[in-house]
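Coordinate analysis (summary)
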Amino acid sequence: MVSVSEVSRPIGIARSRRSFLRRTLGRQEFWRGCVAIVVFLILWEIGSRSGEWFGYTLPHVGLLPPPSDVAVAWSKVLMKWGYWESWYQSFKRVLTGFIAAQIIGIPFGLMLAVNKYFRDIFFPPFEVLRPIPPLAWVPASLIFWPTNEMSIAFVTFLGAFFTIVINVLGGARTIDVRYLRAVQSMGASQWDLGGRRGRRDDLGRRHAGRWRSRLLHLEFVYGRIAAANRCRHDLDRHCRLPFKHRHPHDRPQCHALAQAVLIRKTGADHAQAAQ
Amino acid sequence: MHRQLNNTDQPASVASLAGSTASQASVEIKGVCKSYGEEWEQQDVIKDLTLDILPGKLTVVVGPSGCGKSTLVNLIAGFERPDRGEILLNGRRVTGPSKDRMVVFQETALIPWQTTYQNVVFGPKLRGDIKGKALYQRAHELLTKVGLQDFMDKYPLQLSGGMQRRAELARALINQPQIMIMDEPFRGLDAMSRGLMQEFFLRLFEENRHTNLYVTSEIEEAIFLADRLVVLSNRPAQLRTVIDIDLPRPRHYQVLSSPEAFEYKRAAMEILHQEAMRSFRPSVTGRLPGRP
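These numbers come from a predicted model, not from an experiment.

1. What to know about the overall build of chain B
Secondary structure summary: chain B contains 10 helices and 10 strands in total. Looking at the 292 residues of chain B, the share that counts as buried comes to 48%. Counting contacts in chain B only where the partners sit at least 6 residues apart, residues at least 24 apart contribute 74% of the total.

Rendered as structure tokens:
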């Protein structure tokens, strides 16, 4: 006779424990990708040197410097301080814009997802602005912001903001109604679920420890978003969800969100352990 | 299989675990109506339903598929509000969801990114009414009683269907509900697991005599579990009959082969068959829409 516990062998345990490098090197798709890059570079080299080698310059590609020349030029600037300074400055601009987009975009997306009134008011203008490509904002951003740096960060912000909001909105909206109802019947109020404003008696009953439920709720929503967006790497490592239940598509935009969940989760776990 | 369950999954003395405030609640459903859709194409799902769910009894609701059983669950749980009529829990009107009315859903509603333990303690943590060691102890006791003490750190996807249902029972019981509402909780399990879970659930109930509303579409399951069998009509759901199931407790699966159980089954089947035929009548008579 087979018991229920024997039948249900945990799925995650059976996974390979090989190192990431060995697993990567053992994958066919990795080698296909490498071959594709090499073939692309060869074609680029041939196209760029077509005039020199065949006496006929290919249109467009023939005007580009070949990758070998690019590599030589790159090796010369590697030792220059200005080159790394440019890296630093670019990172700073992009990170500033991206972090700002997350700080504003994640709560905004959550509010759109869970509050009907907020959605009715803010979603239409959001949808009007969303199709405008970030580059089209460049002239306006030069007027808005006093420095070039801020304008660049703003354009980066716009590039990330709409994607983040749509991702968060999509993730939060796909929360199965069963989960919401389950937590409601465990005592979560409409307020906890971020829905319509709490009723008067709900507000009256709220006590000092209520922030804790709010955090739990955020964990609930964030966790669901992360799961919905299949943040494979982070969740796989920390939550140990079985790999086979993941979607092959991986959305890097959501990784930061997943990390926010994990930071919150780790904090909660430590707090619990301390208790 | 049965022996395995008997040896390892001793039923909870849930009364002690769930606390003294739990159980013995009564629910009165008075003239409840519920319909869906816009005004010009409204579909009545429940019509003038009046029913009492008695304290300490396991009331099982059966009805044809799509007759409005889950809508009834949603109304009692407070997820939806009736268009007319009222639902009273211990004399107090139900206006919204509450931990007094725990629902165990058709498919598992365990939160997939939380471990079994985290799922079980979710409610008390949310409300902050049990904390620290006491919470851990209570959760551990309940998980031990449902045979999941070794699976506390596993995620729902790492559990079998039966284990998920047991985890869900533990999660419901830790919240000390006044009434447990179970909406086809063992649906989707294979026949063997379902049989085991029914026996397991029944032993939990017989230990503790919580007021329980159990919704199912399977007559055998209904007769096996029920103190009172409520048969609903085809949509819009109305009360067809209430059958008091007077089979001895504690029950074992063999009770279903008794002449009494057979008689209950025949009576319920007869009504359900009539109701099911009502929804098929147009196609049975072969009449096409718009033709005499």
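2. Focus: the overall build of chain A
Tallying secondary structure elements over chain A gives 14 helices and zero strands in all. Put simply, chain A runs from its N terminus to its C terminus through helices and strands in the order α-α-α-α-α-α-α-α-α-α-α-α-α-α. In chain A, buried positions account for 22% of the 275 residues. In chain A, 61% of the contacts between residues at least 6 apart in sequence involve partners at least 24 apart.

3. What to know about the nonpolar core
By size, the foremost hydrophobic cluster in this structure holds 82 residues, and its most contacted members are Val60(B), Ile76(B), Val120(B), Ala170(B), Ile181(B), Leu213(B) and Leu229(B). Setting aside chain neighbours within four positions, we find Leu229(B) in contact with Val60(B), Val62(B), Ala222(B), Ile223(B), Ile243(B), Ile245(B) and Ala268(B). By size, the runner-up hydrophobic cluster in this structure holds 20 residues, among which are Ala113(A), Phe154(A), Val155(A) and Ala160(A).

4. A look at the sheet that holds strand 4 (residues 84-89) of chain B
All names here are of chain B. The sheet built from four strands is open, its strands ordered 2-1-4-5 with antiparallel pairing. Strands with a single pairing partner mark the edges of an open sheet, and in this sheet they are strand 2 (43-53) and strand 5 (92-93). Across the sheet, helix 3 (residues 69-77) touches strand 1 (27-36), strand 2 and strand 4, and the angle it forms with strand 1 is around 120°.

5. Re unusual backbone geometry
All names here are of chain B. Here the bond from arginine 235 into proline 236 is cis, since omega is -5°, no more than 30 degrees from zero. As for its position among the elements, proline 236 is in the loop between strand 9 (228-232) and strand 10 (239-244). Across the junction of arginine 249 and proline 250, the peptide omega takes the value 0°, indicating a cis bond. Residues other than glycine seldom take positive phi values, yet aspartate 48 does so here, at roughly 45°. If you trace the backbone, aspartate 48 turns up in strand 2. Judged by the 15 C-beta atoms lying within 10 Å of it, aspartate 48 is partly exposed. Non-glycine residue asparagine 90 carries a positive phi angle of around 50°.

6. A few points about the sheet that holds strand 10 of chain B
Residues and elements named next belong to chain B. Strand order across the open sheet formed by six strands is 6-7-8-3-9-10, with mixed pairing between neighbours. Edge positions in the sheet fall to strand 6 (101-104) and strand 10, since each has one partner strand and no second. Direction aside, neighbouring strands of the sheet carry axes that sit 20° apart on average. Direction of pairing for strand 9 relative to strand 10: antiparallel, over a ladder of five bridges. Bridging from a neighbouring strand, arginine 228 pairs with aspartate 244 of strand 10.

7. Brief notes about helix 6 (residues 132-145) of chain B
Residue and element names in this part refer to chain B. With 14 residues, helix 6 extends 20 Å between its outermost C-alpha atoms, agreeing within 8% with the 20 Å of an ideal straight helix rising 1.5 Å per residue. Regarding helix 6, the residues found buried are Arg138, Ala139, Leu142, Leu143 and Lys145. For helix 6, the buried positions fall inside an angular range of 160° around the axis, keeping them on one side. Exposed positions of helix 6 whose direction lies more than 90 degrees from the buried face are Gly132, Lys133 and Gln137. Glycine 147 sits one or two residues past helix 6 and shows a positive phi near 75°.

8. Looking at helix 6 (residues 81-114) of chain A
Each full turn of the α-helix corresponds to 3.6 residues, which orients residues three or four apart in the same direction. All names here are of chain A. The end-to-end C-alpha distance of helix 6, which contains 34 residues, comes to 49 Å, matching closely the 50 Å that a straight helix rising 1.5 Å per residue would cover. Of all the bends found along helix 6, the most pronounced is centred on glycine 105 and spans about 25°, while proline 107, a proline, follows it within four residues. Considered for burial, the residues of helix 6 that qualify are Arg93, Gly97, Phe98, Ala101, Gly105, Ile106, Gly109, Leu110, Leu112, Ala113 and Val114.

9. Considering the pairing of strand 3 (residues 58-62) of chain B
Residues and elements named next belong to chain B. For strand 3, the buried fraction is high: five of the five residues fall into the buried class. Of the strand pairs in this sheet, strand 3 and strand 8 (residues 211-215) are connected by four bridges, and their pairing is parallel. Paired with threonine 59 across the strands is leucine 213, a residue of strand 8. One ladder, built from four bridges, connects strand 3 with strand 9; its direction is parallel. Bridging from a neighbouring strand, valine 62 pairs with valine 231 of strand 9.

10. Considering the environment of Gly105(A)
Residues and elements named next belong to chain A. For glycine 105, the location among the structural elements is in helix 6. Placed 64 residues apart in sequence, glycine 105 and leucine 169 show a C-alpha to C-alpha distance of 9.7 Å. Sequence-distant contacts of glycine 105, that is, excluding residues within four places in its chain, are made with Phe161, Ile164, Val165 and Val168.

11. Concerning the packing of helix 7 (residues 161-173) of chain B against helix 8 (residues 191-208) of chain B
All names here are of chain B. At a minimum axis distance of 10 Å, the contact between helix 7 and helix 8 shows a crossing angle of 20°. In this view, helix 7 runs roughly parallel relative to helix 8, as classed from their interaxial angle. The two elements helix 7 and helix 8 cross, and the hand of that crossing is right-handed. Contacts from Gly161, Gly162, Arg165 and Leu169 of helix 7 reach helix 8 at Ser193, Leu196, Met197 and Leu204. Along the lines of polarity and charge, the residues of the contact of helix 7 with helix 8 split into four nonpolar, three polar and one charged.

12. Description of the environment of Leu110(A)
Residue and element names in this part refer to chain A. For leucine 110, the location among the structural elements is in helix 6. Look at leucine 110 and you get buried, because 21 C-beta atoms sit within 10 Å. Once the C-alpha coordinates of leucine 110 and valine 168 are considered, the two residues, 58 residues apart in sequence, prove to be 6.4 Å apart.

13. Some words on the pairing of strand 8 of chain B
Residues and elements named next belong to chain B. The element strand 8 is extensively covered by neighbouring structure, given that five of its five residues are classed as buried. One ladder, built from five bridges, connects strand 7 (residues 179-183) with strand 8; its direction is parallel. Looking at the pairing, methionine 182 lines up with tyrosine 214 of strand 8. This β-α-β element, strand 7 to helix 8 to strand 8, shows right-handed connectivity.

Rules behind the numbers
All residue numbers here refer to positions counted from 1 along the written sequence of the relevant chain. Both sets of labels track the order of writing: A upward for chains, 1 upward for ligands. Since the coordinates come from a predicted model, pLDDT governs what is reported: local features require at least 70, and pairs of side-chain atoms require 80 or more to be given and counted, while whole-chain, interface and lining totals use all residues. Secondary structure follows DSSP: runs of H or I at least 4 residues long count as helices, runs of E at least 2 residues long count as strands, and numbering of each begins at the N terminus. Exposed residues have 12 or fewer other C-beta atoms within 10 Å of their own C-beta, buried residues have 20 or more, and partly exposed residues fall in between, where C-beta atoms are placed from the backbone. Throughout, a pair of residues is in contact if the C-beta atoms placed from their backbones lie within 7 Å. Joined through C-beta atoms within 7 Å, a set of buried Ala, Val, Leu, Ile, Met, Phe, Trp, Tyr and Cys residues constitutes a nonpolar core. For two strands to count as paired, DSSP must find a minimum of two bridges between them. Between N-to-C directions, angles cover 0 to 180 degrees, with each direction set by a line fitted to C-alpha atoms, over the stretch in contact for helices. What a helix should span is 1.5 Å times the count of its residues minus one. As used here, the arc belongs to the directions running from the helix axis to the C-beta atoms. The quantity called bend is, for any residue, the angle between two axes fitted respectively to the seven residues ending at it and the seven beginning at it. Orientation labels follow simple angle bins: below 35 degrees gives roughly parallel, above 145 gives roughly antiparallel, 65 to 115 gives roughly perpendicular, and whatever is left gives oblique. By convention, the crossing between two helices is left-handed when the near helix turns anticlockwise from the far helix through less than a right angle, and right-handed when the turn is clockwise. Any residue that is not Ala, Val, Leu, Ile, Met, Phe, Trp, Tyr, Cys, Pro, Asp, Glu, Lys or Arg is counted as polar, Gly included; the first ten are nonpolar and the last four charged. Crossover handedness is defined here as right-handed if the route from the first strand over the helix to the second strand goes clockwise, with the strands pointing away from the viewer.

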